[in-house]
Number of protein chains: 2
Amino acid sequence: MKKRTEVSEAVIRRLPKYYKCIEKLINEDKEKASSKELSKEMGMTSSQIRQDLNNFGCFGVQGYGYNLGLLFKEIENILGLDKGYRCIIIGAGNLGSALLNSKEFKKHKFDFLAIFDNNKEKIGKSVGTFKVKDIKNLKEYINAEKVDIAVLAVPDNAVMKNYLELLNSNITGIWNFTQTKIESKGNIKVETVHLVENIMTLAYKMNAVNKNIVEGE
Amino acid sequence: MKKRTEVSEAVIRRLPKYYKCIEKLINEDKEKASSKELSKEMGMTSSQIRQDLNNFGCFGVQGYGYNLGLLFKEIENILGLDKGYRCIIIGAGNLGSALLNSKEFKKHKFDFLAIFDNNKEKIGKSVGTFKVKDIKNLKEYINAEKVDIAVLAVPDNAVMKNYLELLNSNITGIWNFTQTKIESKGNIKVETVHLVENIMTLAYKMNAVNKNIVEGE
C-alpha cells in the first residue's frame with residue numbers, strides 16, 4: 001500500500017462524514033455521484049470534496065463522477081471498518097450504560113463486548129443484557145478476548161489508574177470521555193470526546209446571531 | 001460591535017480549546033503568553049494561532065505577546081459564556097442522566113435546570129437531585145423559565161415530535177445527541193454530537209499506524 005502522508009486533522013475528521021454520506025447514497029441504490037452531488041449531501045463545496053478525496057487517492061472520472069461502491073470500500077478500508085473493532089467499556093455509570101445500550105456502534109462494526117467497574121455494588125449487576133465485570137480482570141480479559149478499544153467512562157479521579165493498566169495491556173485504542181488529558185502513546189491511539197467544547201460551539205452559534213458573526217461553512 | 005465575517009468552521013471549533021487553554025494558564029497565575037507558548041499548550045503552530053486569533057480581532061503585541069486576561073474576556077464574550085446559558089434535558093434515560101449529573105457544564109455556566117420524559121414510569125422519579133418532569137409541560141416550562149438550550153437525548157423515533165414542539169417555543173439552541181439530522185432553522189441553532197463519527201476517527205488513527213498513514217497535526 002502506498003504511503004499516505006500529511007493528511008490534515010480537518011480532513012480526517014470529515015472522513016466518517018463521507019463514509020456515512022456514501023453509505024446513505026448506496027442504500028438509496030445510487031451507483032455513482034459527481035462531486036457536485038456529494039457537495040449537496042455533505043454541505044461543502046465541490047472543490048473541497050475533490051481536494052479531500054484526492055488525499056486518499058480517490059479520483060473521480062470526468063463526466064462520470066465517483067464510483068460510490070469503490071469509494072465506500074476505500075474509505076471503509078482507510079477507517080479499518082471492514083474488519084471491525086472489539087470494544088469494552090470501563091465505568092458502569094449512566095454514560096457507560098448509555099454507550100453499551102446504543103445500537104449505532106454495532107451497526108458500524110464497533111462491537112461492545114463487556115463493561116467493567118471497580119464498585120462492588122455494581123459488579124455482577126445487569127446493564128441491558130450484560131453483567132458488569134470486576135475491573136480486576138480487565139487486563140486478562142483484554143488479552144484473552146483480543147480487545148482493540150477501551151472506552152473510558154469513569155470519574156476523573158479514576159482515570160490514571162485505568163490508563164496505566166491499559167498501557168500494559170494489548171489494547172490499541174482508547175476512547176476517552178473523561179476531562180483528563182490523555183495523549184496517544186506508542187501503539188495506543190487516544191481520541192477524546194470533548195462534550196463541553198461541543199456545547200460551547202453551540203453557544204458560539206447562538207451568540208453569533210446576536211452579534212452578526214457569520215457562521216462558518 | 002464590529003461585524004465579524006467568514007470565520008471558518010475549523011476556527012470556530014478551536015475557540016473552546018483556546019478558551020480552556022487560556023483559562024488553565026490564568027489559573028496558573030500567568031498574565032501573558034506569546035503565540036509560541038500558546039502553540040505548545042494547544043499543540044498547533046504559532047502562525048496558525050496568530051491567524052486564528054486575528055479572526056476575532058485579538059492582536060498580540062510584539063515582544064509582549066497576548067494579554068491573557070483580555071484574550072479570555074474576548075473569547076468568553078464571543079462564546080457568550082459571560083452571561084451563561086439555561087438548559088434542560090429531554091429524555092431521562094442513561095444519557096440524559098449522565099449529562100444532568102456531570103459537573104463540567106455548570107463550571108462553564110451551562111446550567112441544567114430540569115429533565116423531561118414522556119414515560120409515565122420515569123416521570124416524578126429522581127435523577128440525582130432532580131425529579132423527572134412530564135414532557136407535556138415542556139413548552140410552558142421553557143417559556144416561564146427562559147430556557148436557552150434544550151438537549152435532545154431521546155430515541156430516534158421520538159425526535160421529530162420533540163423538535164416540532166421546540167420550534168414553537170422560545171428555545172434558541174438545540175444540542176442533539178440523536179442520529180436524526182436536524183438543521184439550524186430561524187432563531188434556533190443546532191449542534192449535533194456525532195459519537196459514531198468520533199469513534200471512527202479513533203479507528204482511523206489506529207488503522208493509520210498499520211498503513212503508514214501519517215496522523216494530521
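All values reported here derive from a predicted model rather than from experimental measurement.

## A few points about the relation of the copies chain B and chain A
When chain B is brought onto chain A, the operation consists of a screw motion whose angular component is 180° and whose axial shift is 0.0 Å, with 0.0 Å RMSD remaining. Read as a symmetry element, the transformation amounts to a two-fold axis. Identified as the residue of chain B closest to the rotation axis by C-alpha distance is Asn94 of chain B, at 2.3 Å. Comparing interface residues between copies, 100% of those in chain B also sit at the interface in chain A, which points to an isologous, same-surface contact.

## Regarding the sheet that holds strand β10 (residues 189-192) of chain A
Residue and element names in this part refer to chain A. The strand order across the open sheet built from six strands is β7-β4-β3-β8-β9-β10, with neighbouring strands paired in parallel fashion. Single-partner strands in this sheet number two, and they are β7 (133-134) and β10. In the sheet, strand β9 (residues 173-176) pairs with β10 via four bridges, with the strands oriented parallel. Considered in β10, the bridge of Asn176 is made with Thr192. Running at roughly 155° to strand β4 (residues 110-117), helix α5 (residues 94-101) makes contact with β3 (85-90), β4, β8 (149-152) and β9 of the sheet. Sheet contacts for helix α7 (residues 138-145): β3, β4 and β7; angle to β3, the most-contacted strand, approximately 170°.

## Quick look at the pairing of strand β8 (residues 149-152) of chain B
Residues and elements named next belong to chain B. Side chains Ile149 and Val151 project from β8 onto one buried face, and the interleaved Ala150 and Leu152 project onto a second face that is buried too. For strand β3 (residues 85-90) and β8, the ladder comprises four bridges, and the chain directions are parallel. When the bridges of β8 are listed, Cys87 appears paired with Ile149.

## Side note on the packing of aromatic side chains
Residues and elements named next belong to chain B. One pass over the structure, following the stated rule, counts twelve aromatic pairs over all chains. Aromatic pair Tyr19 and Phe72: ring centres 4.7 Å apart, planes at 25°, arrangement stacked. Here Tyr19, found in helix α1 (residues 9-27), pairs with Phe72, found in helix α4 (residues 68-79); they are 53 residues apart in sequence, far enough to count as distant. Classification of Tyr19 by relative accessible area gives buried; the value is 4%. Classification of Phe72 as buried rests on a relative accessible area of 15%.

## Describing the packing of α5 of chain A against helix α5 (residues 94-101) of chain B
Two numbers describe how α5 of chain A lies on α5 of chain B: the axes approach to 8 Å, and their chain directions differ by 155°. The angle between α5 of chain A and α5 of chain B falls in the class roughly antiparallel. Crossing handedness for the pair α5 of chain A and α5 of chain B: left-handed. For the pair α5 of chain A and α5 of chain B, contact is made by Asn94, Leu95, Ser97, Ala98 and Asn101 of chain A and by Asn94, Leu95, Ser97, Ala98 and Asn101 of chain B, respectively. Of the residues belonging to the contact of α5 of chain A with α5 of chain B, the class tally is four nonpolar, six polar and no charged.

## Focus on the packing of helix α1 (residues 9-27) of chain A against helix α3 (residues 46-54) of chain A
Residues and elements named next belong to chain A. At a minimum axis distance of 11 Å, the contact between α1 and α3 shows a crossing angle of 100°. Classified by the interaxial angle, the pair formed by α1 and α3 is roughly perpendicular. Contacts between α1 and α3 pair Val11, Arg14 and Tyr18 from the former with Gln48, Ile49, Asp52 and Leu53 from the latter.

## Observations concerning the environment of Ile26 of chain A
All names here are of chain A. One can find Ile26 in helix α1. We classify Ile26 as partly exposed; its relative accessible area is 28%. In this structure the C-alpha to C-alpha distance between Ile26 and Leu68, which are 42 residues apart in sequence, comes to 6.9 Å. Discounting chain neighbours no more than four positions away, the residues touching Ile26 are Leu68, Gly69 and Phe72.

## Looking at the sheet that holds strand β4 (residues 110-117) of chain B
Whenever strands of a sheet pair, they do so through backbone hydrogen bonds, lying parallel or antiparallel. All names here are of chain B. Pairing is parallel in the open sheet, where six strands are placed in the order β7-β4-β3-β8-β9-β10. Of all strands in the sheet, those with a lone pairing partner are β7 (133-134) and β10 (189-192), marking the two edges. Sheet analysis places β8 next to strand β9 (residues 173-176), joined by four bridges and oriented parallel. Looking at the pairing, Ala150 lines up with Ile174 of β9. Relative to β8, helix α8 (residues 159-167) is tilted by about 175°, and along the sheet it contacts β3, β8 and β9.

## Description of the nonpolar core
One finds Leu38, Phe110 and Trp175 of chain A together with Leu38, Phe110, Ile149 and Trp175 of chain B to be the most contacted residues of the largest nonpolar core, which totals 107 residues. Once residues lying within four places of it in the same chain are set aside, the contact partners of Trp175 of chain B are Leu195, Asn198, Ile199 and Leu202 of chain A together with Leu99, Phe105, Ile149, Ala150, Val151, Leu152, Glu191 and Val193 of chain B. In this structure, Phe116, Val147, Ala158 and Ile171 of chain B belong to the second largest nonpolar core, which totals 21 residues.

The rules behind each value
- Residues numbered from 1 in each chain as written.
- Chains lettered and ligands numbered in written order.
- Predicted model: local features only at pLDDT ≥ 70, side-chain atom pairs only at ≥ 80, totals over all residues.
- Heavy atoms only, no water.
- Least-squares fit on C-alpha atoms with pLDDT ≥ 70 in both.
- Contact = heavy atoms within 4.5 Å.
- Pairing = 2+ DSSP bridges.
- Helix = DSSP H or I, 4+ residues; strand = E, 2+ residues; numbered from the N terminus.
- Axes fitted to C-alpha atoms, helices over the stretch in contact; angles between N-to-C directions.
- Buried < 20%, exposed > 50% of the residue type's maximum accessible area, 1.4 Å probe, protein only.
- Phe/Tyr/Trp six-rings, centres within 6.5 Å; stacked < 30°, edge-to-face > 60°.
- Parallel < 35°, antiparallel > 145°, perpendicular 65-115°, else oblique.
- Left-handed = near helix turned anticlockwise from the far one by under 90°.
- Nonpolar A, V, L, I, M, F, W, Y, C, P; charged D, E, K, R; others polar.
- Core = buried A, V, L, I, M, F, W, Y, C linked by side-chain atoms within 4.5 Å.

Read these as spatial facts, not as claims about activity.
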